[in-house]
Amino acid sequence: MPERPRWSRAARVAAAADVWDLRRLAAKRAPRMVFDYVDGAAEGEVSLARSVAAFRRVEFAPRVLRDVSEAPTAVEILGRRISMPVVLGPTGFTRMMHRAGERAVARAAQRAGVPYTLSTMGTTAPAGVAAAAPAGWNWFQLYVVRDRARNLETLSMASEAGMDVLVVTVDVPVAGARLRDVRHGLTVPPTLRWRGALEAVRHPAWWLDFLTSEPLRFATVDGAPEDLAGLTNLMFDPSVTFADLEWIRSAWPGRLLVKGVQRADDAKELAALGVDGVVVSNHGGRQLDRAATPLELLPSVVEAVDGRSEVFLDGGVRSGADVAAAVALGARACFIGRAYLYGLMAGGEAGVDRVLELLRAGLVRTLQLLGAGGVDGLGPDLVRLRDR
Ligand SMILES: Cc1cc2nc3c(=O)[nH]c(=O)nc-3n(C[C@H](O)[C@H](O)[C@H](O)COP(=O)(O)O)c2cc1C
């Protein structure tokens, strides 16, 4: 086979040295409003900036003269072994980022031996994800919509597709104000309007893919996706309370996680209700701006939950060293959002593969340099958060 030119997209994706390189490639490939939908956050984007910056506060305290010739990364979460403490979190409209969408992400997760979470706002049905990654550990994320019967139908679709972990997201009682989307006048699917014509010239490959692939639509909920915030407010049920977790649990045969926990007392209450896990998350800063920073909140949640539920974290995770730091501070695993979407936008399925490769290599290297001898050896004595 002839060698690919060094400047081909595949070569650039393969040469990406970190997730930020893939972010730069993604910004070149995707139309600005699509990139900004992924990259942006709510209001002043303070939460997003703090989530990323919190990982810069990490100070490692490596042990020396330990045999680190092996650094196993496998962990057990929710009673099952995965290859490293990473979960591909739920993201809506994934086929907007790249035509290969959710199927590509699920296949990459399957190859890497980590779970993938399909969103209620997914653009591929649960059965489609299951068919694409039949040997993967596929999870489902629920937004509770006003039509309760519809929620039950959605849960059955997920369960029939073999999904056995439900992630109920609780930080979207109403839509956050994502100002980049407002300024772009983002509609989902994106429409090529007069100012879009210039976009099409700048990003011809993306538009060609988009215009020639299966139309973008929700796979599990009704309603033509258009004005995202308006649709969210129309569909989502803002009256959901702790009591609703009871009927969700009775309707769901598998494990139950609650995502979007932003206070230690809420985490404690959820653990008392017996949920299998809580995800410390502020939705990647896309909901309430200036909400608590997940990495900083984590230790207090771990303490409050006191082993009754598993604690997960997301927000700002961009490297294997970030994963190591979060696990050392008590997370069972990290969910990732933007990191894999940057890879997907930059290079489709190969881009997601590259992100997972980079995270794994970075995690192994960090474990070795820390003298931790594997993920099981991570603990709070190896990490502290500096004041600045
Ligand atoms: C483009 C995009 C779409 C998202 N869609 C959903 C969603 O449908 N459901 C959900 O629970 N979280 C959603 N999230 C939040 C992620 O699951 C996760 O909490 C967040 O991305 C973590 O922060 P990070 O991007 O810094 O890793 C979305 C995030 C992004 C970036």
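Residues numbered from 1 in each chain as written. Predicted model: local features only at pLDDT ≥ 70, side-chain atom pairs only at ≥ 80, totals over all residues. Heavy atoms only, no water.

Novice: Whenever I open this one, the pattern of salt bridges confuses me. Can you help?
Specialist: Oppositely charged side chains may form a pair once their charged atoms are brought near each other. For the coordinates displayed, the defined rule picks out 24 salt bridges. The residue D21 makes a salt bridge to R24 at a minimum N-O spacing of 2.5 Å. Of the two residues, D21 and R24 are both situated in helix α2 (residues 19–29); the distance of three residues between them amounts to about one turn of the helix. Where E310 meets R332, a salt bridge forms, and the shortest distance between an N and an O atom there is 3.5 Å. Note that E310 is positioned in strand β10 (residues 310–313) and R332 in the loop between α16 (320–328) and β11 (333–336), a separation of 22 residues in sequence. A relative accessible area of 35% means that R332 is categorised as partly exposed. Residues joined by salt bridges that share partners form a network here, namely R23, R32, D36, D39, E45 and R180. (Salt bridge = Lys/Arg side-chain N within 4 Å of Asp/Glu carboxyl O. Helix = DSSP H or I, 4+ residues; strand = E, 2+ residues; numbered from the N terminus. Buried < 20%, exposed > 50% of the residue type's maximum accessible area, 1.4 Å probe, protein only.)

Novice: Teacher, can you tell me more about helix α14 (residues 264–273) here?
Specialist: Owing to its 3.6 residues per turn, the α-helix brings residues three or four apart onto one side. The complete set of buried residues in α14 reads A267, L270 and A271. Take α14 and look down its axis: the buried residues cluster within an arc of 100°, on one side only. Those residues of α14 hidden inside the fold are in contact with α13 (244–251), β8 (255–261), β9 (277–280) and α15 (294–305). Directly after α14, the chain includes G274, whose backbone phi takes a positive value near 90°. (Arc of directions from axis to C-beta. Contact = heavy atoms within 4.5 Å.)

Novice: Explain the site of the ligand here, please?
Specialist: Residues in contact with the ligand amount to 22 residues; listed here are only the nearest, P90, S119, Y143, T169 and D314. Within the side chain of D314, one N or O atom sits 2.7 Å away from an oxygen atom of the ligand. R318 places a side-chain nitrogen or oxygen 2.9 Å from an oxygen atom of the ligand. For the ligand, the accessible surface in isolation is 600 Å², of which the surrounding protein chains cover 98%. (Near = heavy atom within 4 Å. Polar contact = N/O pair within 3.5 Å; in protein donor to acceptor, adjacent residues only side chain to side chain. Areas by Shrake-Rupley, 256 points an atom, 1.4 Å probe, with all protein chains shown as cover.)

Novice: What should I look at first to understand the packing of aromatic side chains in this one?
Specialist: What describes a pair of aromatic rings is the distance from one ring centre to the other and the angle between the planes of the rings. Scanning all chains against the criterion turns up nine aromatic pairs. Look at Y37 and F93: their rings are 6.0 Å apart centre to centre, the planes differ by 65°, and that puts the pair in the edge-to-face class. Residue Y37 is found in helix α3 (residues 32–39), and its partner F93 is found in the loop between β4 (86–88) and α5 (94–97); the two are separated by 56 residues along the sequence. Assigned by exposure class, Y37 and F93 land together as buried. Ring centres 5.7 Å apart and planes at 85° place the aromatic pair W207 and F210 in the edge-to-face group. Of this pair, W207 and F210 both sit in helix α11 (residues 204–212), three residues apart, which is roughly one turn of that helix. Residues W207 and F210 agree in their burial class; the two are buried. The ring of Y37 has R286 lying over it, and the distance from NZ or CZ to the ring centre is 4.9 Å. (Phe/Tyr/Trp six-rings, centres within 6.5 Å; stacked < 30°, edge-to-face > 60°. Lys NZ or Arg CZ within 6 Å of the ring centre and 35° of its normal.)

Novice: What should I look at first to understand the nonpolar core in this one?
Specialist: For soluble globular proteins, the rule of thumb is that nonpolar side chains tend to be buried together. Counting 122 residues, the largest nonpolar core has L88, W139, I336 and L378 as its most contacted members. Look past the residues within four positions of L378 in its chain and what remains in contact with it is A324, V327, A328, L367, L370 and A372. (Core = buried A, V, L, I, M, F, W, Y, C linked by side-chain atoms within 4.5 Å.)

Novice: Could you clarify how one ought to interpret the environment of A161 in this entry?
Specialist: Positionally, A161 belongs in the loop between α8 (148–160) and β7 (165–169). A161 sits in the buried class, given a relative accessible area of 17%. Sequence separation between A161 and F210 is 49 residues, and the spatial gap between their C-alpha atoms is 27 Å.

Novice: Please explain the side chain of S119 as it appears in this structure.
Specialist: Positionally, S119 belongs in the loop between β5 (116–118) and α7 (126–132). Judged by relative accessible area, which is 3%, S119 ranks as buried. At 2.8 Å, the side chain of S119 forms a polar contact with the backbone nitrogen of M121. One polar contact links S119 to Q141, side chain to side chain, over a distance of 3.1 Å.

Novice: Looking at this structure, how should I read the environment of G320?
Specialist: Within the element layout of this structure, G320 appears in helix α16. Sequence-wise, G320 and G379 are 59 residues apart; in three dimensions their C-alpha atoms are separated by 16 Å. Each residue touching G320, except ones within four places of it in the same chain, is listed here: L359, G362, L363 and T366.

Novice: Looking at this model, I keep getting lost on the pairing of β10. Mind explaining?
Specialist: Along any regular strand the residues' side chains alternate between the sheet's two faces. A two-sided burial pattern is seen for β10, the buried positions comprising E310 and F312 on one face and V311 and L313 on the other. Sheet analysis places β9 next to β10, joined by four bridges and oriented parallel. Looking at the pairing, V280 lines up with L313 of β10. Each parallel crossover has a hand, and for β9 linked through α15 to β10 it is right-handed. Where β10 and β11 come together, two bridges link them in parallel fashion. Each bridged residue has a counterpart across the sheet, and for F312 the counterpart in β11 is A333. With respect to chirality, the unit in which β10 leads through α16 into the neighbouring parallel β11 is right-handed. (Pairing = 2+ DSSP bridges. Right-handed = clockwise from strand over helix to strand, strands pointing away.)

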